[in-house]
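Residues per chain are reported as follows:
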Amino acid sequence: MKKYVLSAVAVCLLSVLVYKNFSAIPDIPPGTVILICGASSGIGEELAYQAAEKGANLVLAARSEDKLLKVQEQALKRGAREVEIVRADFSDVAGSGVVVEKTLEKFGKLDYLVLNHAGLPFGPFLAAEHMQEPVFIQKIMKVNFLSHIEIALKALPHLEESLGHIYVTSSTFGEVPINYAMSLYCSSKHALNGFFYSLQQELIAKQSPVSVTVGALGLIWTPDIASVFENDPIPKDIIAGSIEGAARGMLDSYTTRPKTLTYPVFANVFMRMLWYFNPWFQEMTIAQNKPPGSHGNGYEATVAGWKEKTEKANKRRFMQGYQKSDQPSA
């Protein structure tokens, strides 16, 4: 066990040492047309503000029009040239491409496509009957995976013209089973990785000017995440990344075009190493996530804890429509 941990630590330290310094990365050109899907809160909202400060033209898409209007107002105040908002239901896969059409209608081109939208259902799968319903599973895969493909296909001809770039927000959860209470989310992120890394390879093979970055994001301490997990013993100073850092990496990906954006670096690389080289990873992770004072593996206490988290999320309209199948979309 000791040798696995030491090897993981060594690789993590090396990764941190060679990681690019964000301050040396050139800014995006003013007037860059950026379409951000999933822009009403969290990382997408922060990305909109950082892009606005660089004088970008923005198209912001999400389900919640009232939230989008607030982000639009702030983005204009922070220096965006023009900001268009598009209310979009990404569970309608065939209709998802409208966000590209609206971008072209407004600006006549598209430089940077950011696929950041996702539903985040949480709770142990075997204890959550609504998650086991085929309709609910299909909805999550439509939002988190199939709509991304549809939008990318609609955008590709126009990105070819602008020598543009695609960024896809995936997750360490798409590589490592960090918590069994995130099974559907993990599944959708695995699917994203499989498709967009293959697309990345195909674009290189056909010598396309369009490049793809897959974002391997870990735990990002957004206001919504902080409110839901406020009572959990999470060592966020060690394993969590800031919302500002995540958005900065996404913005810089337009000019640097990395194949993968790993953030935060140390925690994510460490988790990968443990997953690949520690044969007791599953047991270790269960013990780490076990609620304090619970019995056995803490499964019953974990189920109760996730029900409480769902209630907190619903009060904030965080992931509304993704926690129970009968909830309306926002």
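Everything below is about the structure shown above.
Residues numbered from 1 in each chain as written. Predicted model: local features only at pLDDT ≥ 70, side-chain atom pairs only at ≥ 80, totals over all residues. Heavy atoms only, no water.

Asker: Mind showing me how you'd approach the overall build of the chain here?
Answerer: Scanning the chain from terminus to terminus reveals 12 helices and 7 strands. Counting every position in the chain, which comprises 330 residues, the buried fraction comes to 53%. Expressed as a percentage of contacts within the chain between residues at least 6 apart in sequence, the contacts between residues at least 24 apart total 75%. As presented, the chain carries roughly 15,200 Å² of accessible surface, and 56% of it is formed by carbon and sulfur atoms. (Helix = DSSP H or I, 4+ residues; strand = E, 2+ residues; numbered from the N terminus. Buried < 20%, exposed > 50% of the residue type's maximum accessible area, 1.4 Å probe, protein only. Contact = heavy atoms within 4.5 Å. Areas by Shrake-Rupley, 256 points an atom, 1.4 Å probe, with all protein chains shown as cover.)

Asker: What is the right way to read the packing of helix α2 (residues 42-53) against helix α9 (residues 243-256) from this model?
Answerer: Two packed helices can be described by the angle between their axes and the distance between those axes. Orientation of α2 relative to α9, taken along the N-to-C sense of each, is 60°, at an axis distance of 8 Å. Taken together, the axis directions place α2 and α9 in an arrangement best described as oblique. Along this stretch, α2 crosses α9, giving a crossing that reads as right-handed. Listed contacts from α9 to G42, I43, E46, L47, Q50 and A51 of α2 are I243, E244, A246, A247, R248, M250 and L251. Residue composition of the contact of α2 with α9, by class: 8 nonpolar, 2 polar and 3 charged. (Axes fitted to C-alpha atoms, helices over the stretch in contact; angles between N-to-C directions. Parallel < 35°, antiparallel > 145°, perpendicular 65-115°, else oblique. Left-handed = near helix turned anticlockwise from the far one by under 90°. Nonpolar A, V, L, I, M, F, W, Y, C, P; charged D, E, K, R; others polar.)

Asker: Any chance you could explain the pairing of strand β4 (residues 112-115) here in plain terms?
Answerer: Remember that side chains alternate between the two faces of the sheet whenever the strand is regular. Alternating residues of β4 divide into Y112 and V114 and L113 and L115, and every residue in both groups is buried. By the bridge criterion, 4 bridges tie strand β1 (residues 33-37) to β4 in an arrangement that is parallel. Bridged to I34 within β4 is Y112. Across 4 bridges, β4 lies against strand β5 (residues 165-171) in parallel orientation. Opposite L115, over in β5, you have V168 as the bridge partner. Assessed by its sense of winding, the connection that carries the chain from β4 through helix α5 (residues 134-162) to β5 is right-handed. (Pairing = 2+ DSSP bridges. Right-handed = clockwise from strand over helix to strand, strands pointing away.)

Asker: Even after reading the chapter, I still don't get the nonpolar core, so can you show me in this structure?
Answerer: Nonpolar side chains tend toward joint burial in soluble globular proteins. The biggest cluster of nonpolar side chains holds 33 residues, and the ones touching the most others in it are I34, I36, I43, L58, L60 and V114. Residue assignment for this core shows that the elements contributing at least two residues are β1, α2, β2 (57-62), α3 (65-77), β3 (83-87), β4, α9 and β7 (260-263). Residues within four places of I36 in sequence aside, it is in contact with G44, L47, A48, L58, V59, L60, A61 and V114. (Core = buried A, V, L, I, M, F, W, Y, C linked by side-chain atoms within 4.5 Å.)

Asker: What should I look at first to understand the packing of helix α4 (residues 98-107) against α5 in this one?
Answerer: Their axes nearest at 8 Å, the elements α4 and α5 cross at an angle of 30°. As summarised for this structure, α4 and α5 are arranged roughly parallel, according to the angle between their axes. Each of V99, V100 and L104 in α4 lies in contact with α5, whose residues at this interface are I151, K154, A155 and H158. Taken together, the residues that form the contact of α4 with α5 break down as 5 nonpolar, 1 polar and 1 charged.

Asker: Honestly, empty space enclosed by the protein in this entry has me stumped. Any pointers?
Answerer: Rolled over the atoms, a probe with the dimensions of a water molecule shows which regions are left empty. Inspection of every chain in the model, using the stated rule, returns 1 cavity of 30 Å³ or more. Here the largest cavity defines a volume of roughly 40 Å³. Considering the residues around the largest cavity, the lining is formed by P26, D27, I28, K54, R248, L251, D252 and T255. Along the lines of polarity and charge, the residues of the lining of the largest cavity split into 3 nonpolar, 1 polar and 4 charged. (1 Å grid on protein atoms, 1.4 Å probe; cavity = no way out; pocket = protein on both sides within 12 Å on 5 of 7 lines; lining within 4 Å. Points joined across faces, edges and corners; volume = space filled by probe spheres on them.)

Asker: How do you make sense of α5 when you look at a structure like this?
Answerer: Side chains three or four residues apart in an α-helix point the same way, a direct result of the helix having 3.6 residues per turn. The terminal C-alpha atoms of α5 lie 40 Å apart, and with 29 residues this matches the ideal 42 Å at 1.5 Å per residue to within 8%. When the local axis directions of α5 are compared, the greatest deviation, roughly 50°, occurs at K142. In the stretch just after α5, L163 is the one whose phi turns positive, near 55°. (Expected span 1.5 Å × (residues − 1). Bend = angle between axes of the 7 residues up to and from the residue.)

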